[in-house]
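Okay, here's what each chain looks like letter by letter:
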Amino acid sequence: MKNIEFVSRVIVFLVLVIVVTFYFREYSLDRYNQGILLDKKEYVSNFDEYKNELLSSKENFSLPYSLTGSFIALLIIVGGYELIVFIVSLLIKLMLNNRNSIDIEKKL
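Residues numbered from 1 in each chain as written. Predicted model: local features only at pLDDT ≥ 70, side-chain atom pairs only at ≥ 80, totals over all residues. Heavy atoms only, no water.

Enquirer: What is the right way to look at the packing of aromatic side chains in this model?
Expert: Working definition: an aromatic ring pair is given by the centre-to-centre distance plus the angle between the planes. Evaluation of the coordinates by the stated rule reveals one aromatic pair. Each ring, one from Phe22 and one from Tyr23, has its centre 5.3 Å from the other, and the planes form 75°; the classification is edge-to-face. Residue class for Phe22 comes out partly exposed when judged on its relative accessible area of 44%. Judged by relative accessible area, Tyr23 falls into the exposed class, the value being 54%. (Phe/Tyr/Trp six-rings, centres within 6.5 Å; stacked < 30°, edge-to-face > 60°. Buried < 20%, exposed > 50% of the residue type's maximum accessible area, 1.4 Å probe, protein only.)

Below, the structure is given as structure tokens:
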């Protein structure tokens, strides 16, 4: 049964790599297109507003809040991954059990 869990982890990992790669590529292309369309006047006109927004982010920084947020985010990511692996391993086990039961019925 450990082989099934390993295969499930590999399948889920590969699917996640493909999905994340697709979205990262789309994000990069979108930023590139924004860079092409950005002109100097637009960039300079929002400079003070952007700088104030960046400087005000220090006021919102709190170690307990950051730790709690990081904990919850990692819990969701790792827990979601493990849940998906569990579901895939169940599906693989069901497929193998169905195949084995069909083989047994053919022998009878």
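Read on for the rest.
Enquirer: Can you walk me through the side chain of Ser89 in this structure?
Expert: Mapped onto the fold, Ser89 is located in helix H4 (residues 63-107). Residue contacts for Ser89: discarding those within four places in its chain leaves Ile4 and Ser8. (Helix = DSSP H or I, 4+ residues; strand = E, 2+ residues; numbered from the N terminus. Contact = heavy atoms within 4.5 Å.)

Enquirer: What's the story with the side chain of Ser8 in this structure? I'm lost.
Expert: Considering the arrangement of structural elements, one finds Ser8 in helix H1 (residues 2-37). Take Ser8: its relative accessible area is 0%, and that puts it in the buried class. Setting aside residues up to four positions removed in sequence, Ser8 forms contacts with Val85, Val88, Ser89 and Ile92.

Enquirer: Can you help me understand H1 in this one?
Expert: Two residues of an α-helix separated by three or four positions point the same way, owing to the 3.6 residues in each turn. Taking 1.5 Å per residue as the helical rise, H1 with its 36 residues ought to reach 52 Å, and the 52 Å between its terminal C-alpha atoms agrees with that figure. Inspection of H1 places Ile4, Ser8 and Val12 among the buried residues, and these make up the whole buried set. (Expected span 1.5 Å × (residues − 1).)

It is worth stressing that arrangement in space is one thing and function is another; only the former is reported here.
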